[in-house]
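# What the coordinates show
Each chain, written out:
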Amino acid sequence: MDFGPQQIGKLLIAIGTAVVLLGLLFLLLGQLGLFKLPGDLQFGSKNWRIFIPITSCIIISIILTLIFWLINYLRR
């Protein structure tokens, strides 16, 4: 497969679009309160902050597992 400038340009556009859509998804999920669940840890002081979204990551993992399982089940 010839991987010239046209294909690289299309790949970069696709990657950029995916990053923008992922960013919009995270903004939407943040507005819905997903990253403020009881198991999400926040540490910090005036000048620094550490955020560890344990519960949110577990919920996202369960949802993605169910979606991929459903796709795999429907492809059979």
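As shown above, the structure is provided for reference.
Below or above, wherever it landed, is the structure these notes cover. Computed from a predicted model, the values in this text were never measured in an experiment. (Residues numbered from 1 in each chain as written. Predicted model: local features only at pLDDT ≥ 70, side-chain atom pairs only at ≥ 80, totals over all residues. Heavy atoms only, no water.)

### Quick look at the overall build of the protein chain
The condition that has to hold: In this text, helices come from DSSP runs of H or I with a minimum length of four residues, and strands from runs of E with a minimum of two, each type numbered from the N-terminal end. C-alpha atoms define the radius of gyration, and 2.2 Å times the number of residues to the power 0.38 defines the globule rule. Burial classification: accessible surface area is computed with a 1.4 Å probe over protein chains only, and a residue below 20% of its type maximum counts as buried, one above 50% as exposed, and the rest as partly exposed.
Scanning the protein chain from terminus to terminus reveals 2 helices and 2 strands. Starting at the N terminus, the α and β elements of the protein chain follow one another as α-β-β-α. Relative to a compact globule of 76 residues, whose C-alpha radius of gyration would be 11 Å, the protein chain shows 18 Å and is clearly more extended. Judged by the C-alpha coordinates and their principal axes, the protein chain covers about 50 × 40 × 20 Å. The buried share among the 76 residues of the protein chain stands at 8%.

### With respect to the side chain of S56
What counts is decided by this rule: Counted as a polar contact is a pair of N or O atoms within 3.5 Å, where, for protein atoms, one must be capable of donating a hydrogen and the other of accepting one, and residues adjacent in sequence contribute only when both atoms are in side chains. Residue contacts are counted whenever heavy atoms from the two residues lie within 4.5 Å of one another.
Topologically, S56 is positioned in helix α2 (residues 54-75). In terms of polar contacts, S56 uses its side chain to reach the side chain of D40, at 2.7 Å. Each residue touching S56, except ones within four places of it in the same chain, is listed here: L34, F35, L37 and D40.

### Some points on a nonpolar patch on the surface
To keep it simple, the criterion reads: Without a salt bridge and with relative accessible area above 30%, a residue can belong to a patch; like charges are then joined within 9 Å and nonpolar side chains (Val, Leu, Ile, Met, Phe, Trp, Tyr) within 5 Å. Here the open area of atoms and residues is found with the Shrake-Rupley method and a 1.4 Å probe, where only the protein chains shown may cover a residue. Salt-bridge detection follows one rule: a side-chain nitrogen of Lys or Arg within 4 Å of a carboxyl oxygen of Asp or Glu.
A grouping of L41, F43, W48, I50, I52, I54, I58, I62 and L66 is seen on the molecular surface, where their side chains present a nonpolar patch of about 830 Å² in accessible area. Sorting the residues of the nonpolar patch by element identifies β1 (40-44), β2 (49-53) and α2 as the ones contributing at least two each. No other element matches α2, which puts 4 residues into the nonpolar patch. Mapped onto the elements of the fold, I62 is located in helix α2. Since its relative accessible area comes to 48%, I62 is described here as partly exposed.

### Description of the pairing of β2
Counted only if it meets this: A strand pair is defined by DSSP finding two or more bridges across the two strands.
Examined bridge by bridge, β1 and β2 share 5 bridges and lie antiparallel to one another. Across the sheet, G44 pairs through a bridge with R49, a residue of β2. Linking β1 to β2, which pair antiparallel, is a turn of 4 residues.

### Considerations on the environment of R76
Considering the arrangement of structural elements, one finds R76 in the segment after α2. Sequence separation between R76 and I13 is 63 residues, and the spatial gap between their C-alpha atoms is 32 Å.

### Things to note about the packing of aromatic side chains
Heads up, the condition is: Any pair of Phe, Tyr and Trp rings, taking the six-membered ring for Trp, is counted once the centres come within 6.5 Å. Such a pair is stacked with planes under 30 degrees apart, edge-to-face with planes over 60 apart, and tilted for the rest.
In this structure the tally under the stated criterion is 2 aromatic pairs. Taking the centre distance of 5.7 Å and the plane angle of 25° together, the rings of F26 and F35 count as stacked. The class for F26 is partly exposed, based on a relative accessible area of 41%. Residue classification places F35 among the buried residues on the basis of a relative accessible area of 17%. Taking 5.3 Å as the distance between ring centres and 15° as the angle between the ring planes, the aromatic pair formed by W69 and Y73 counts as stacked. Taken together, the residues W69 and Y73, both in helix α2 and 4 residues apart, mark about one turn of the helix. Among the residues examined, W69 registers a relative accessible area of 55% and is labelled exposed.

Any functional reading would require information beyond the geometric quantities listed.
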